Amino acid sequence: TLNLSGMTSITTIGDLFCQEASALTCLDISGMTSLTTIGAGFCYDASSLTTLNLSGMTNITHIENGFCRGASSLATLDLSGLTNVTTIGHAFCRRASYLTTLDLSGLTNVTTIGHGFCRGALSLTCLDLSKMTSLTSIASEFCHGASSLKTLNLSGMTSITTIGDEFCLGASSLTCVD
């Protein structure tokens, strides 16, 4: 367990924070309310991470490449409080194989989702991106291999102009796209 919630003056977390922290199970940075930047590779291959608390992160504008990539034990991720995010970088939650719940409901300002978004998120069953009304581009390999994904809600995406290659390739359980 790593609790950094009392570090209220931190504005930047650099690249590869907790990369390969294979024994880390719980990370709380919720009190870092001044935080504007989380670098690339945040919790990359933190394979035992089950709990991540990012509540109160309203100043973050970009989710950089490799965010929780390989965090294979992470089951629930709530990013609804990241209300100023405009970009989700490449390999977001790639190989987060036990991820079942992903809340992105507060990310209404996102314009771009990078390639490999939730690629290999084998346990994800439902994904609702309907609040991403500013989204214009989804890069390649979106939910590639998300074999348990049954429901995908894209209904609010009235600004979308580009969907990349291999969109939902291997999402063999997908029964409803709205």
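This text goes with the structure placed above it.
Residues numbered from 1 in each chain as written. Predicted model: local features only at pLDDT ≥ 70, side-chain atom pairs only at ≥ 80, totals over all residues. Heavy atoms only, no water.

Caption draft 1: Representation of the sheet that holds strand E15 (residues 176-177). On the basis of which strands lie adjacent, the open sheet formed by 3 strands has the order E11-E13-E15 and parallel pairing. Both edges of this open sheet fall to strand E11 (126-128) and E15, since each of them pairs with a single strand only. Sheet analysis places strand E13 (residues 151-153) next to E15, joined by 2 bridges and oriented parallel. The partner of Thr-151 across the bridge, within E15, is Cys-176. (Pairing = 2+ DSSP bridges. Helix = DSSP H or I, 4+ residues; strand = E, 2+ residues; numbered from the N terminus.)

Caption draft 2: Looking closely at the sheet that holds strand E6 (residues 62-63). Taken in spatial order, the 5 strands line up as E6-E8-E10-E12-E14 in an open sheet, and their pairing is parallel. Each edge of the sheet is formed by a strand with only one pairing partner; in this case those strands are E6 and strand E14 (162-163). Bridging between strand E10 (residues 112-113) and strand E12 (residues 137-138) involves 2 bridges; their strand directions are parallel. In the strand pairing of E12, Thr-112 is matched with Ser-137.

Caption draft 3: Representation of the pattern of salt bridges within the structure. What the rule picks out here adds up to 2 salt bridges. When the shortest N-O distance is used, the salt bridge between Asp-45 and Arg-95 registers 3.2 Å. Residue Asp-45 is found in the loop between strand E4 (37-38) and strand E5 (51-53), and its partner Arg-95 is found in the loop between strand E8 (87-88) and strand E9 (101-103); the two are separated by 50 residues along the sequence. For Arg-95, a relative accessible area of 37% gives the class partly exposed. Two residues, Arg-119 and Glu-141, come together in a salt bridge whose shortest N-O distance is 2.8 Å. Placement of Arg-119 in the loop between E10 and E11 and of Glu-141 in the loop between E12 and E13 is noted, with a sequence separation of 22 residues between them. Its relative accessible area of 21% is what places Arg-119 among the partly exposed residues. Among the residues examined, Glu-141 registers a relative accessible area of 17% and is labelled buried. (Salt bridge = Lys/Arg side-chain N within 4 Å of Asp/Glu carboxyl O. Buried < 20%, exposed > 50% of the residue type's maximum accessible area, 1.4 Å probe, protein only.)

Caption draft 4: Representation of the side chain of Asn-153. Among the structural elements, Asn-153 can be located in strand E13. A relative accessible area of 17% places Asn-153 in the buried class. Here Ser-155 takes part through its side chain, which lies 2.7 Å from a polar atom of the side chain of Asn-153. In contact with Asn-153, not counting residues within four places along its chain, are Leu-127, Asp-128, Leu-129, Ser-130 and Asp-178. (Polar contact = N/O pair within 3.5 Å; in protein donor to acceptor, adjacent residues only side chain to side chain. Contact = heavy atoms within 4.5 Å.)

Scope: geometric values only; no functional claims are made or implied.
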